[in-house]
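Report on the structure
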Amino acid sequence: MTAQSTRRSFLLGAGVAGVGALVEMRLGRATDAAQQLVAAPRSFALSGNTAAPTAGWGYADVFPPPTLRVTRGGTLRVRLINRLSEHTSIHWHGIRLPNPMDGVPYLTQPPVEPGAEFVYEFRPPDAGTFWFHPHCNSIEQIGRGLSGVLVVENPDDPPFDADIVCLYRDWHVDGTGKFTAMTTDEGAGRAGTMGPFHTVNGVEAPVIDIPTGGMVRLRLLNLDNARIITAALPEQPAWVIAIDGNPVAPVAFDQWQMGPAMRLDLALRAPDREGATFTLANTFLATPLTLATFRTAGPAKAGRPDAPPALPASPIPRPDLGNAEALPFSFSASSATALDPQDQLPDLGALQSALGTNEPVADFLCRPQRIFWAINQRPWPGQTGDRIPPPLATLTRGRTYIFELINTTPHTHPIHLHGHTFLVVESNKRTVTPYYTDTVLIHTKERVKIAFVADNPGDWMLHCHIIEHQDTGMMGYVRVA
């Protein structure tokens, strides 16, 4: 049996032998029909403290849906079918992709209306651990379950005996499985509204089987709307091999702070004794919380190395720091009550035509918005078609830029840039070993410098990935022209 077939069979079998492992869905070749993701009301059997199924929204009748896997450079072609009662879209988080495929309503595409379809098609240039989610009514749509994992594989990746996806998120549900408030003014104006039900792969504190003595790849994802966690394996040595999908030289793992949307790939050699266990914990809390338990199963794998294999580097353009243009971006509380009067007002007839419907668009254009946050004193609350602000900056295609991300608030913000992978260069509050990512935490009073080559044309979102912060003003975009 090949290493690849061993990994696949163990990944699929772990969902039976140990609770909480994910199944996978391989995407077809470019000549095949598009895979379908159907956004629809679903009934999730979330295990743990819920006594009844949860009436959520999702892409499958289970949460999480099967992990999508595609080969780096191969064609990803996915047909989104919207069976919700409101419009939606899919943003492919962390992927360097063509702007029309980025899934931001009104900015890169018309939203996908109820009953409509949209085909996303692009070639992921980088291998790694990514995810996808709506960029419409994100608090509710992600909060109710609309999200999934995308793994882009490199044929040159070293083999692992198991490849385990661990998707962390809270749920805003009570003991009967019913949803509670996903957002409050108090939460939106502070660190976010936290859900009380902690899960990995939709299960509270699951037990996940891994091969005894095997070399294991753990793909950790924090897909919560608000909660920052500190991931740790207190009883088990491991190595970091990728940060937000981007390979790094293996380094010993202690703990890693992960904001919403952030990912971490770990490699570890499982204990040689069958039935041995160790835990994945969130040590960010005053009392560490066990998120999952790993348990060795099956006969011991012989001859496995103790040191982790290194992943091939991604072909990310290297920033020219010596000739970079520096731009400041201040993330702050907002004193504004409305957007700038010079913001663009769309042609409503053109917008209606783009939406492909004769239905009135006033429902999307006249919603009152809460405004708590801003970037460079410019808030952009919500994502409606009535007011698209000017870009925060216009960048020259092919030039290197250094963005100085300045947090003037008392809260930590995970800042995400669409369409590009950037190099974290330095911080005024902590020592940084430069690494590539698409989302970076900036702590209170911190100034973080990131650098990237603006090689991807289009309008690209820059926002906080605490979704309540995004939807109450801490959102903007840069234009690469």
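Structure's up top.
Note that the structure is a prediction, hence the values are computed from the model and not measured. (Residues numbered from 1 in each chain as written. Predicted model: local features only at pLDDT ≥ 70, side-chain atom pairs only at ≥ 80, totals over all residues. Heavy atoms only, no water.)

Notes on the overall build of the chain
Summing up its helical and strand segments, the chain has 6 helices and 31 strands in all. Out of the 481 residues in the chain, the part that is buried amounts to 58%. Residue pairs in contact within the chain that sit at least 24 positions apart in sequence constitute 76% of those at least 6 positions apart. Carbon and sulfur atoms make up 53% of the accessible area of the chain, which totals about 18,100 Å². (Helix = DSSP H or I, 4+ residues; strand = E, 2+ residues; numbered from the N terminus. Buried < 20%, exposed > 50% of the residue type's maximum accessible area, 1.4 Å probe, protein only. Contact = heavy atoms within 4.5 Å. Areas by Shrake-Rupley, 256 points an atom, 1.4 Å probe, with all protein chains shown as cover.)

Details of the pattern of salt bridges
Working definition: two side chains of opposite charge can pair if their charged atoms are close together. Using the criterion set out here, one finds 25 salt bridges in the structure. Measuring nitrogen to oxygen at the nearest pair gives 2.8 Å for the salt bridge that ties Arg 219 to Asp 163. Pair noted here: Arg 219 is in strand β13 (residues 215–222) and Asp 163 is in strand β10 (residues 162–171), with a separation of 56 residues, a long-range link. Asp 163 carries the same exposure label as Arg 219, and that label is buried. Residues Arg 217 and Asp 265 are paired through a salt bridge, measuring 2.8 Å at the closest nitrogen-oxygen approach. Placement of Arg 217 in strand β13 and of Asp 265 in strand β18 (residues 263–269) is noted, with a sequence separation of 48 residues between them. Overall, the relative accessible area of 4% leaves Arg 217 in the buried class. Relative accessible area serves as the criterion here: at 0%, Asp 265 is assigned to the buried category. What emerges from the salt-bridge pattern is a single network uniting Arg 69, Glu 153, Asp 157, Asp 163, Arg 217, Arg 219 and Asp 265. (Salt bridge = Lys/Arg side-chain N within 4 Å of Asp/Glu carboxyl O.)

A few points about the layout of surface pockets
Roughly 590 Å³ of volume is contained in the largest pocket. In terms of lining residues, the largest pocket is bounded by 23 residues, among which Ile 243, Trp 256, Arg 430, Thr 431 and Tyr 435 are the most central. With 4 residues, strand β16 (residues 246–252) is the largest single contributor of residues to the lining of the largest pocket. Grouping the constituent residues of the lining of the largest pocket by class yields 15 nonpolar, 6 polar and 2 charged. (1 Å grid on protein atoms, 1.4 Å probe; cavity = no way out; pocket = protein on both sides within 12 Å on 5 of 7 lines; lining within 4 Å. Points joined across faces, edges and corners; volume = space filled by probe spheres on them. Nonpolar A, V, L, I, M, F, W, Y, C, P; charged D, E, K, R; others polar.)

What about the sheet that holds strand β25 (residues 413–417)?
The sheet built from 5 strands is open, its strands ordered β23-β31-β30-β25-β28 with mixed pairing. Two strands lie at the open edges of the sheet, namely β23 (393–395) and β28 (439–442), each paired on one side alone. Taking the axes of each pair of neighbouring strands and ignoring which way they run, one obtains an average angle of 25° across the sheet. In this sheet, strand β31 (residues 475–480) lies alongside strand β30 (residues 458–464) in antiparallel orientation, the contact comprising 6 bridges. Paired with Gly 458 across the bridge in β31 is Val 480. (Pairing = 2+ DSSP bridges. Axes fitted to C-alpha atoms, helices over the stretch in contact; angles between N-to-C directions.)

As for empty space enclosed by the protein
Take a probe with the size of a water molecule and roll it over the atoms, and the empty space left behind shows itself. Across all of its chains, the model carries 3 cavities of 30 Å³ or more by this definition. Taken as a whole, the largest cavity spans an internal volume of roughly 60 Å³. What lines the largest cavity is simply Cys 166, Tyr 168, Val 200, Leu 220, Leu 221, Asn 222, Ile 229, Ala 231, Met 258, Leu 280 and Leu 291. Looking at the lining of the largest cavity, the elements with two or more residues in it are β10, β13 and β14 (229–232). Here the lining of the largest cavity gets 3 residues from one element, more than from any other, and that element is β13. In terms of residue class, the lining of the largest cavity is built from 10 nonpolar, 1 polar and no charged.

Considerations on unusual backbone geometry
Each neighbour pair has its own omega, and for Phe 63 with Pro 64 the value is -10°, a cis peptide bond. For Pro 64, the location among the structural elements is in the loop between β3 (54–58) and β4 (67–71). The phi dihedral of Asn 137 falls on the positive side, at around 40°, and the residue is not glycine. Here Asn 137 lies in the loop between β8 (128–133) and α2 (138–143).

Things to note about the sheet that holds β18
Read across the sheet, 6 strands follow the order β11-β10-β13-β18-β15-β16 without closing on themselves; strand pairing throughout is mixed. Each end of this open sheet is capped by a strand with a single partner; those strands are β11 (197–200) and β16. Each strand axis lies, on average, 20° off the axis of its neighbour in the sheet, ignoring direction.

Some words on the packing of aromatic side chains
Applying the stated rule across the entire model yields 13 aromatic pairs. Consider the rings of Phe 403 and Phe 452, whose centres lie 5.1 Å apart with planes at 90°: the pair is edge-to-face. Here Phe 403, found in strand β24 (residues 400–407), pairs with Phe 452, found in strand β29 (residues 447–453); they are 49 residues apart in sequence, far enough to count as distant. For Phe 403, a relative accessible area of 0% corresponds to the buried category. Overall, the relative accessible area of 1% leaves Phe 452 in the buried class. One cation-aromatic arrangement involves Arg 169 over Trp 171; the distance from NZ or CZ to the ring centre is 3.7 Å. (Phe/Tyr/Trp six-rings, centres within 6.5 Å; stacked < 30°, edge-to-face > 60°. Lys NZ or Arg CZ within 6 Å of the ring centre and 35° of its normal.)

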